[in-house]
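Examination of the molecular architecture
The chain contents come next:
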Amino acid sequence: MPSLIVLLALYFGTVMNYPVIKKIFELSHSVSDVSFPYTAPLFLIFCFTIIFSVFAIPYFFKPFMAFVILTSAAALYAQMSFHTLFDSSMMESIFETNSSEAAFYLNSASVGYMLILGLIPTVLVFLVKIKPQSSWKKAAITRVGLVVLAIVGILLIAATNYKNYASVGRNNKYLNKMIIPAHIYNGVRYFDKTYFAKTYPYKPQGEDAKLMPSANGKPTLMVVVLGETARAMNFAQNGYQRNTDPYTKDMGLISFKHVSSCGTYTALSVPCMFSNLNRDNYDKERARSQDNVLNVMNHAGVELMWFDNDGGSKGVADNLPHQRIDGSLKDVDCNGSTCFDEVMLKKAQTFINKDTKNKLLVLHTIGSHGPTYWQRYPKSHAPFQPACDRSDIENCSDKEIKNVYDNTLVYTDYVLSQVIEQLKQASKQYNVMMTYISDHGESLGENGLYLHGTPYSIAPVEQTHVPWLVWIPQNYAQQKHINKSCLENLATTQNLSHDNLFHSLLGLYGIQTSADNKQLDITAKCHA
């Protein structure tokens, strides 16, 4: 057993944690001791020796290490390819990911990591024959001696390099999140927080909500298009030099140019943006135990429907009418795992036509979900070529990644244009408007980062700066007493965030309630 513990500690202290060791070498220029970075693998080996000694229990250790090795191989692939950090927020995102989304990451590179660095070492572990020692006392002494040697090694490193570790660690706090298998520790934290954390009694909100009648007597129809992984800087409406809005550029969309997200991954951002909790005080359990803005609008008599073509509503629509698109279909719009977003348009039309009540429709799009960006749009909506048509995007050129991502935005623009056309057709029966907002942004290789989910404290602007578009016809603005010119000015000058969405949807719809915070309502200063 001691030999197996040491071998596994060597494997995890070097191979599995190559990224963190590499990073420490890169950061070592800030310290004077040239030997400092070379102590990093030794420090990790000593730490893993102690940790694995704790779990080295007969009949348990090998299955446990099989799980650790296999999941660590997957974590190493993500770190090497996308610079992913597996903190508690990333583990929440992973556990909230459905099977079809997980399949997006299957490619030759990820399979290679799992086979060479995961499966083969796991098989070797099971092939090792552990010879029981002659007595439990001798076994205990051997185990304790191994741990003591590791502790002595750690103390020697601390005695000679404590200041260097303190300096580098203090200025680069993300380093501890790079250590593999931190994902297991944070996974346990996620389960504890999700299933064993304090629960709150359910708190209704906005039960006094009242819809102000329109002068023309028509009911209101609002469509909220919830974007996925769209970053604001690649929107032509925000000054991007490429034509990513060929379909809506003449439709009069207002773009709020300075909007930040609540989080960097869907499982956090979506429930946060629809709740009245701000990013600074957001609590998942508290959000789940109180009414969100859709519930408040429902209190005002608004008929709700949520159509989902992404990973679910993350609890937002659990107690409201909702339908998920069946991605297992295989036809012109679906490939057996996912569907193009336009599949929701027919369902949207049915909802619009079934009666003439006050309505709000949410279309949760798959939008620009990576890394299989090329599967998000039909070939007819791919003006930018050559495009990266593989999931191991780190092996594509920067140009190919930029092209394939921008193609997803062009297709999103097409979907938005079709929603607007539907609303124009419905304007005889309804006062109509549409708003589009994304849950978070995306990294496309800037500073070596790809995809999203980086801890918010160190997340780049590419992952937190999101688009927010509003299509509001003049007739709608008049009925809701909104000054469009004021909104257009606010869109270019005001710093906004997901914190504003709850209150702004109420203001845009014309609902009055004590749950509305006027300071966060974008229409509050723009009443005509």
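The model shown is predicted, which means the values in this text are computed figures rather than measured ones. (Residues numbered from 1 in each chain as written. Predicted model: local features only at pLDDT ≥ 70, side-chain atom pairs only at ≥ 80, totals over all residues. Heavy atoms only, no water.)

1. Remarks on the pattern of salt bridges
Inclusion rule: We count a salt bridge whenever a side-chain nitrogen from Lys or Arg sits within 4 Å of a carboxyl oxygen from Asp or Glu. Only runs of H or I of at least four residues qualify as helices and only runs of E of at least two qualify as strands under DSSP, and these elements are numbered from the N terminus. Between buried and exposed lies partly exposed: a residue is buried under 20% and exposed over 50% of the maximum accessible area for its type, with that area taken using a 1.4 Å probe on protein chains only.
Counting across every chain of the model gives 10 salt bridges. The partner of E446 in a salt bridge is R231, with the nearest N and O atoms 2.9 Å apart. Here E446 is found in the loop between β9 (443-444) and β10 (450-451), whereas its partner R231 is found in the loop between β2 (220-227) and β3 (254-256), with 215 residues between them in sequence. One salt bridge connects R242 with D406, and the closest N-O pair in it is separated by 2.9 Å. Of the two residues, R242 sits in the loop between β2 and β3 while D406 sits in helix α15 (residues 398-426), which places them 164 residues apart along the sequence. For the pair shown, R242 and D406 are each scored as buried. A single salt-bridge network, built from bridges that share partners, covers K22, K23 and E26.

2. Side note on the pairing of strand β11 (residues 468-471)
To keep things clear, this is the line we draw: Paired strands, in this sense, are two strands between which DSSP finds at least two bridges.
By the alternation rule, side chains of β11 split into W468 and V470 and L469 and W471, which are all buried. Note that β3 and β11 share three bridges and pair antiparallel. Directly across from I254, in β11, lies its bridge partner V470. Bridge count for strand β8 (residues 431-438) against β11 is four bridges, and the pairing is antiparallel. Across the sheet, residue I437 finds its bridge partner in β11, namely W468.

3. A word on the UniProt feature "transmembrane region" (unreviewed entry) in the protein chain
Test applied: UniProt positions are given in the numbering used here, feature names are shortened, and annotations may be inferred rather than shown by experiment.
Under the present numbering, the feature "transmembrane region" (unreviewed entry) in UniProt falls on residues 36-57, 64-82, 102-128 and 140-162. The annotated region residues 36-57 carries 77% helix and 0% strand content, and the separation between its end C-alpha atoms amounts to 34 Å. Along residues 64-82 the backbone is 100% helical and 0% strand, and the end-to-end C-alpha distance reaches 27 Å.

4. Observations concerning the state of the cysteines
Formally, a disulfide is one covalent bond, and it connects the sulfur atom of one cysteine to the sulfur atom of another. Here is the rule: By definition, disulfides here are pairs of cysteine sulfur atoms that lie within 2.5 Å.
Applying the stated criterion across every chain yields a total of four disulfides. The disulfide that involves C262 links it to C272, with 1.9 Å between the sulfurs. Taking the torsion about the sulfur-sulfur bond, which here is approximately 70 degrees, the covalent link between C262 and C272 counts as right-handed. Residue C262 is located in the loop between β4 (259-260) and α11 (266-274), and its partner C272 is located in helix α11; the two are separated by 10 residues in the primary sequence. With relative accessibility at 4%, the residue C262 sits in the buried group. For C486, the disulfide goes to C526, at an S-S distance of 2.0 Å. Taking the torsion about the S-S bond as the criterion, the C486 to C526 disulfide, at about -65 degrees, is left-handed. Placement of the pair is C486 in helix α18 (residues 484-493) and C526 in the segment after β13 (511-512), with a sequence separation of 40 residues.

5. Some points on the packing of aromatic side chains
We describe a pair of aromatic rings using the distance from one ring centre to the other and the angle between the two ring planes. What counts here: Stacked, tilted and edge-to-face are the three classes assigned to paired rings of Phe, Tyr and Trp, where Trp is represented by its six-membered ring and a pair needs centres within 6.5 Å; plane angles under 30 degrees give stacked, over 60 edge-to-face, the rest tilted. Cation placement over rings: the criterion is NZ of Lys or CZ of Arg within 6 Å of the ring centroid and within 35° of the ring normal.
Here the structure, examined in full by the defined rule, presents 20 aromatic pairs. Ring centres of F36 and Y165 lie 4.9 Å apart, and the angle between their planes is 80 degrees; this geometry places the pair in the edge-to-face category. Of the two residues, F36 is situated in the loop between α2 (18-27) and α3 (39-55) and Y165 in helix α8 (residues 136-171); the sequence distance between them amounts to 129 residues. Residue classification places F36 among the buried residues on the basis of a relative accessible area of 1%. Every member of this aromatic cluster is reached through a ring pair, and the members are Y11, F12, F48 and F52. Over the face of the ring belonging to F384 we find R242, whose NZ or CZ atom lies 4.1 Å from the ring centre.

6. Here's the deal with the layout of surface pockets
The criterion, for reference: Cavities and pockets are found on a 1 Å grid laid over the protein atoms alone: a cavity is a set of points where a 1.4 Å probe fits but cannot escape, a pocket is an open set with protein on both sides within 12 Å along at least five of seven lines, and a lining residue has an atom within 4 Å of such a point. Grid points are joined across faces, edges and corners, and a volume is the space filled by probe spheres set on the points. Residues are grouped as follows: Ala, Val, Leu, Ile, Met, Phe, Trp, Tyr, Cys and Pro are nonpolar; Asp, Glu, Lys and Arg are charged; every other residue, Gly included, is polar.
In this structure, the second largest pocket occupies an estimated 540 Å³ of space. Taken together, 22 residues form the lining of the second largest pocket, with S89, E92, K193, Y265 and L268 sitting closest to its centre. Every element with two or more residues in the lining of the second largest pocket is listed here: α5 (88-95), α10 (182-195) and α11. If you tally residues by element for the lining of the second largest pocket, the top one is α10, at four residues. Considering only residue class, the lining of the second largest pocket consists of eight nonpolar, six polar and eight charged.

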